[in-house]
Amino acid sequence: PSTPCLPSFVQLHRPDDTAVRAELVAGLALSPPRIAPKFLYDALGSRLFDAITELAEYYPTRTEAAIFAQHAPDMALAVPAGAVLIDLGAGSCAKAARLFPALRPAAYVAVDISVDYLRAALDALQQRHPALPMLGLGMDFSARLALGPQAADWLATSGAARLPRAVFYPGSSIGNFSSTEALALLRQAHVVCAEGGAGGGLLIGVDRVKPRAVLEPAYDDALGVTAAFNRNLLLNVNRLLGADFAPQAWQHVAFFNAEASRIEMHLEPTRAQTVRWPGGERHFSAGERLHTENSYKWEPADFEALLGEAGFGAVRHWSDQRGWFSVFWAEA
Ligand code: AVI
């Protein structure tokens, strides 16, 4: 019997503390001020997001899961078997793992900002799939997506260098980028696919435009979990910057901006206040909002056009009965 694989791990360049502080200070100095949504995801923020996906109001996760469950056999006809499955923002790796039986990948690359988050998940997954080579790749692909030479070496050693690549980007995480940023990321994903063997492509989940009455509660739930998720960003900024945000003095604001086709999340101070950190401060007048996230909602035709602009070819499209969410396979 062959020896079971052990997952490999590579951590690429991580922004240092000075760069992170500089990014936060620059965002706070803007008018209106903004903090990038990646700062929502410290350890507690990631748990709060997991809780959001369980909420009755938050339809995207379960709608996408139902699309994958229903159409996996059809997807398996489009996505080449024996590909390298490259999972962007893998987290617990659960979504990709559910697709292993249908897609039968030859190797699995789980990409997340930190390999520390991936370690336990990949170790457990490797136990369940002992013969599947697995790599945990730590990088902030929201800044730039490229696998890099260490991952290329690992693919070569695993005999996977010339296999087709299926980049997997579920959850409508692409919606947290503006169309310009999304296009840049999709172009980079296209390069990653094109560097593998023929037949590769991108399997991506995208949330769609729908009535405000459905969208807004999904981002402002009755239990206040999304409010806690949003306000927790202030605690993360306090830790990273040494700032003194008082989360109880900020309220969660979320609404659908129909003109821009996006949910906007903001934090609004309930009273005028000055926030201080070593070497700086920012005065907020009452009601002066801190913008923390956009979540773009796409019409399928517009998203298909974006895929084409990014260099992808033929596109397959699956949706749910209500037309709330879309999954696309776009050939490289
Ligand atoms: C991760 N991302 C796709 C979520 C979304 O729906 O935009 C983040 C989120 N923000 C508030 N609720 C969920």
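Predicted model only: the values in this text are computed from it and were never measured. (Residues numbered from 1 in each chain as written. Predicted model: local features only at pLDDT ≥ 70, side-chain atom pairs only at ≥ 80, totals over all residues. Heavy atoms only, no water.)

1. Here's the deal with the overall build of the protein chain
Let me state the cut-off plainly: Comment: elements are numbered from the N terminus, with helices defined as DSSP H or I runs of at least four residues and strands as E runs of at least two. In this setup the radius of gyration rests on C-alpha atoms only. A globule is expected at 2.2 Å times the number of residues raised to 0.38. Contacts are assigned to residue pairs with any non-hydrogen atoms lying within 4.5 Å of each other. Exposure was quantified through the Shrake-Rupley algorithm and a 1.4 Å probe, taking into account, for residues, occlusion by the shown protein chains and nothing else.
Looking only at helices and strands, the protein chain has 10 helices and 13 strands in total. The C-alpha atoms of the protein chain give 20 Å as radius of gyration, which agrees with the globular expectation for 332 residues (20 Å, within 12%). With the principal axes as the frame, the protein chain shows a C-alpha extent of 65 × 40 × 35 Å. Taking all contacts inside the protein chain whose residues are at least 6 apart in sequence as the whole, residues at least 24 apart take part in 70%. Surface exposure of the protein chain reaches about 14700 Å², of which carbon and sulfur atoms provide 55%.

2. Some remarks on the site of the ligand
Test applied: Whether a residue is near a molecule or strand depends on its heavy atoms: it is near if one of them lies within 4 Å of it. Any pair of nitrogen or oxygen atoms within 3.5 Å is treated as a polar contact; in protein, a donor-acceptor pairing is required on top of that, and neighbouring residues in sequence qualify only through side-chain atoms on both sides.
Close contacts around the ligand come from 14 residues, with Y58, N176, Y219, E293 and S295 the closest. Here N176 contributes a side-chain N or O atom positioned 2.9 Å from a nitrogen atom of the ligand. Y219 has a polar side-chain atom sitting 2.5 Å from an oxygen atom of the ligand. Coverage of the ligand by the protein chains reaches 96% of its 340 Å² of free accessible surface. Put simply, the parts of the chain that give the shell around the ligand at least two residues each are α2 (43-52), α9 (225-241) and β11 (290-296).

3. As for the sheet that holds strand β8 (residues 262-269)
Keep this limit in mind: Only when DSSP finds a minimum of two bridges between them are two strands counted as paired. Whenever a helix is involved, its axis is fitted only over the stretch in contact; in every case the axis is a line through C-alpha atoms, and angles between N-to-C directions fall within 0 to 180 degrees.
Reading across the sheet, the 3 strands line up as β7-β8-β11 and stay open at both edges, with antiparallel pairing between neighbours. Strands at the two margins of the open sheet, each flanked by one partner only, are β7 (250-257) and β11. Along the sheet, successive strands turn relative to each other by an average axial angle of 20°, direction set aside. Here 8 bridges tie β7 to β8, and the two strands are oriented antiparallel to one another.

4. Some remarks on the packing of aromatic side chains
What counts here: Only rings of Phe, Tyr and Trp enter the pairing, Trp through its six-membered ring, and a pair is recorded when the two centres are within 6.5 Å. The plane angle decides the type: under 30 degrees is stacked, over 60 is edge-to-face, the rest tilted. Type-normalised accessible area, obtained with a 1.4 Å probe on protein chains alone, sets the label of each residue: buried when under 20%, exposed when over 50%, and partly exposed for intermediate values. Only when the NZ atom of a Lys or the CZ atom of an Arg is both within 6 Å of the ring centre and within 35 degrees of the ring normal do we say a charge sits over the ring.
Scanning all chains against the criterion turns up 14 aromatic pairs. Relative to F229, the ring of F49 has its centre 6.1 Å away and its plane inclined at 40°; by these criteria the two rings are tilted. In this pair, F49 sits in helix α2 while F229 sits in helix α9, placing the two residues 180 residues apart along the sequence. Taking 5.2 Å as the distance between ring centres and 75° as the angle between the ring planes, the aromatic pair formed by F100 and Y108 counts as edge-to-face. For the pair F100 and Y108, one class covers both residues: buried. Here a set of aromatic residues connected by ring pairs shows up, and it is made of Y41, F49, Y58, Y219 and F229. Its guanidinium or amino end placed over the ring of F9, R119 lies 4.3 Å from that ring's centre, counting from NZ or CZ.

5. Quick word on helix α10 (residues 300-309)
Spelled out, the test is: The reported arc concerns the directions from the helix axis to the C-beta atoms and nothing else.
Looking at α10, one finds that the buried residues are P300, F303, L306 and L307. All buried residues of α10 project into a common sector of 120° when viewed along the axis, lining one side. Exposed side of α10, more than 90 degrees from the buried face: A301 and E309 are the residues found there. On its buried side, α10 packs onto α7 (179-194), β6 (197-207), β12 (315-319) and β13 (325-331). G311, located one to two residues past α10, shows a positive phi value of around 110°.

6. With respect to the sheet that holds strand β1 (residues 8-11)
Spatial strand order, β1-β4-β3-β2-β5-β6-β13-β12: 8 strands in an open sheet with mixed pairing. Each edge of the open sheet is held by one strand with a lone partner, namely β1 and β12. Sheet twist, expressed as the average angle between the axes of neighbouring strands with direction ignored, equals 15°. As judged from the 5 bridges shared by strand β5 (residues 164-169) and β6, these two strands associate in the parallel manner. Paired with A166 across the strands is G201, a residue of β6. The sheet strands contacting helix α5 (residues 115-128) are β1, β3 (107-112) and β4 (134-138), and the helix crosses β4 at an angle near 170°.

7. Things to note about the confidence of the model for the protein chain
The test is simple: pLDDT is defined as a per-residue confidence score from the predictor, taking values between 0 and 100.
Considering every residue of the protein chain, the mean pLDDT works out to 96; 99% of them sit at 70 or more. Model confidence for the protein chain, summarised as mean pLDDT per element, is weakest for α5 at 93 and strongest for β13 at 99. Across the assembled chains, the prediction reports ipTM 0.99 with pTM 0.97.

8. Examining unusual backbone geometry
The step from S31 to P32 runs through a cis peptide bond, and the omega angle for that step is 0°. For P32, the position within the fold is in the loop between α1 (17-29) and α2. Of note, R104 is a non-glycine position whose phi angle comes to about 45°, a positive value. Mapped onto the elements of the fold, R104 is located in the loop between α4 (94-103) and β3. Its identity is not glycine, yet S261 carries a phi of approximately 55°, on the positive side.

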